Amino acid sequence: MSGQQDMAGVDIGGSGVRCAVVRDEKVGRIERSYLRSRSVSSVVEAVASVVPNSAVLVGVGVPGFVRQGRVLSSPNFPEWRDVALRERLEHRLGRPVQVLNDANAACVGAWRQRSERSVLMLTLGTGVGGGAIQNGVLQLGGRHTGSELGHIYVGGDAPCGCGSTGCLETWASTVGLMRAAEACGHPIVDGAALVDHVHNGERWALDVLSEANTALARGLVSLVNLYAPDVVLLAGGLAQPGLWDDACKTFAQRVIACNRCEIEVLGAADGLAIVGAAYWANQQVNS
Ligand SMILES: [Zn+2]
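Per chain, the residues get numbers from 1 upward, laid out in the order the sequence is written. Residue-level local features of this predicted model are given only where pLDDT is at least 70; pairs of side-chain atoms are given and counted only at 80 or more, and the full residue set underlies all totals for whole chains, interfaces and linings.

Draft legend 1. Summary view of the overall build of the chain. Note on conventions: DSSP H or I runs of at least 4 residues are helices, E runs of at least 2 residues are strands, and numbering of each starts at the N terminus. What the chain contains, in helices and strands, is eight helices and 13 strands. For a compact globule of 287 residues, the expected C-alpha radius of gyration is about 19 Å, and the chain comes in at 19 Å, within 12% of that figure. Projected onto its principal axes, the C-alpha positions of the chain cover 55 × 45 × 35 Å. Out of the 287 residues belonging to the chain, those deemed buried represent 45%. Contact between two residues is assigned when their C-beta atoms, built from the backbone, lie within 7 Å. Put simply, 62% of the contacts in the chain that link residues at least 6 apart link residues at least 24 apart. Computation of the radius of gyration draws on C-alpha atoms, with the globule rule given as 2.2 Å multiplied by the number of residues to the power 0.38. In this scheme the burial state of a residue depends on its C-beta neighbours within 10 Å: 20 or more other such atoms mean buried, 12 or fewer mean exposed, and anything in between means partly exposed; the C-beta positions come from the backbone.

Take a look at the structure:
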């Protein structure tokens, strides 16, 4: 990152925003602000309340489909349609702002802290996000909306938040596990509840997890054969040791031998999107 200037990294979530200053690779304390509503102006004000005056540049990670600073749609902000978030924030903050998808930001943040040049990340949380970095460059495709790894088709007809069906997100996410548990007559409140049932050795829970593993294996084989990364990182609330061993095993058996790589389970890995957003903003401005 350039010089001694402060950059702010911001992570927008459904209930609040978090921000930290990034300076010379060091990340400051994370400040939080809660949203009064899910309107665009509420979010803009929440961001303005956490970004310090010292930051000359602001990178913002936001859940949803993002194209060149515009949020086309977002599962966390269902009312938003093609919102010019970068423009709104630049107007309010009076500084350059860059906006990218939050899982893409997390991927950049993880990549920045590692030595590999090409990294694939899947964030397994409420949904499935992801990012692909090839030789140091975040892959956004010709229309800037690529690297949506959670929405590759892996099978089944469960509806996805993106409007399609059978996406990886409909299986290997909290939403997916809840749907599958409900379908076999055992409604659960979140992913952690499924993990508890799995640890208790309950057959139905093991079956639900097994299906999710099959779906994740399909996703991993396709994605790794496409991108051939040096490593795959699993992050997020559901990225827990032991949960995805079957997927990793199937992946290793099915992926083309020359593309086989390590899959690392990072756990929640909170804060990666903040660092990644700041770094990516800096990269955009200086490229
Ligand atoms: Zn989808």
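Next comes the rest of the description.
Draft legend 2. Molecular detail of the packing of helix α5 (residues 191-199) against helix α6 (residues 203-227). Every axis corresponds to a line fitted to the C-alpha atoms, with the helix fit spanning only the stretch in contact, and the corresponding angles, defined between N-to-C directions, vary from 0 to 180 degrees. For the pair α5 and α6, the least separation of the axes is 8 Å and the interaxial angle reads 120 degrees. What the angle tells us is that α5 and α6 run oblique. By crossing handedness, the relation of α5 to α6 is classed as left-handed. Here α5 contributes Leu194, His197 and Val198 to the contact with α6, which in turn contributes Ala205, Leu206, Val208 and Leu209. Across the contact of α5 with α6, the residue classes tally to six nonpolar, one polar and no charged. The scheme is simple: roughly parallel for angles under 35 degrees, roughly antiparallel for over 145, roughly perpendicular for 65 to 115, oblique for anything else. A clockwise turn of the near helix away from the far one marks a right-handed crossing, whereas an anticlockwise turn of less than a right angle marks a left-handed crossing. Under the scheme applied, nonpolar residues are Ala, Val, Leu, Ile, Met, Phe, Trp, Tyr, Cys and Pro; charged residues are Asp, Glu, Lys and Arg; polar residues are all the others, including Gly.

Draft legend 3. Layout of the domain arrangement of the chain. By convention here, the domain bounds are inherited from an automatic or database domain assignment. Domain boundaries assigned for the chain yield domain 1 (6-107 + 271-285) and domain 2 (115-267). A C-alpha centroid distance of 25 Å is found between domain 1 and domain 2. Contact residues are listed per partner, giving 11 residues for domain 1 and 14 residues for domain 2. For the side of domain 1 that touches domain 2, the leading source of residues is helix α3 (residues 102-112), giving five residues. By residue class, the composition of the side of domain 1 that touches domain 2 is seven nonpolar, two polar and two charged.

Draft legend 4. Main features of the environment of Ala132. Along the chain, Ala132 turns up in strand β10 (residues 128-134). With 21 residues separating them along the chain, Ala132 and Trp111 place their C-alpha atoms 9.6 Å apart. Sequence-distant contacts of Ala132, defined by excluding residues within four places in its chain, comprise Leu120, Gln139, Ser147, Leu149, Tyr227 and Pro229.

Draft legend 5. Expanded view of the packing of α3 against helix α8 (residues 272-285). At a minimum axis separation of 6 Å, α3 and α8 run at an interaxial angle of 85 degrees. Judged by the angle between their axes, α3 and α8 are roughly perpendicular. Residues Asp102, Ala105, Ala106, Cys107, Val108, Gly109, Ala110 and Arg112 of α3 form the contact with α8, whose participating residues are Leu272, Ala273, Val275, Gly276, Ala277, Tyr279 and Trp280.

Draft legend 6. Seen up close, the environment of Val154. Turning to its location among the elements, Val154 is positioned in the loop between β11 (137-138) and α4 (174-183). Classification of Val154 as buried rests on a count of 21 C-beta atoms within 10 Å. Considered as a pair, Val154 and Gly219 are 65 residues apart in the sequence and their alpha carbons are 6.3 Å apart. Apart from residues lying up to four places away in sequence, Val154 is in contact with Gly166, Leu168, Trp171, Ala215, Arg218 and Gly219.

Draft legend 7. Highlighting the sheet that holds β11. Paired strands, as defined in this entry, are two strands with at least two bridges between them according to DSSP. Strands sit in the order β11-β10-β9-β12-β13 across an open sheet of five strands; the sheet is mixed. Each having just a single partner strand, β11 and β13 (262-267) make up the two edges of the open sheet. Pairing analysis gives six bridges linking strand β9 (residues 119-124) to β10, with the strands arranged antiparallel. Paired with Leu122 across the two strands is Gly130, which belongs to β10. Packing of α6 onto the sheet brings it into contact with β9, β10 and β12 (231-235), and relative to β9 it is tilted by some 155 degrees.

Draft legend 8. A look at the nonpolar core. Nonpolar core, as used here: buried Ala, Val, Leu, Ile, Met, Phe, Trp, Tyr and Cys residues forming one set through C-beta atoms within 7 Å. Membership of the largest hydrophobic core comes to 87 residues, with the highest contact counts inside it found for Val10, Val58, Val60, Ala110 and Ala277. Residue contributions to this core peak at 12 residues, all from α6. Formed jointly, this core draws a minimum of three residues from each of two domains, domain 1 (6-107 + 271-285) and domain 2 (115-267). Here Val60 is in contact with Val10, Ile12, Val47, Leu89, Val97, Gln98, Val99 and Ala277, once residues within four sequence places are set aside.

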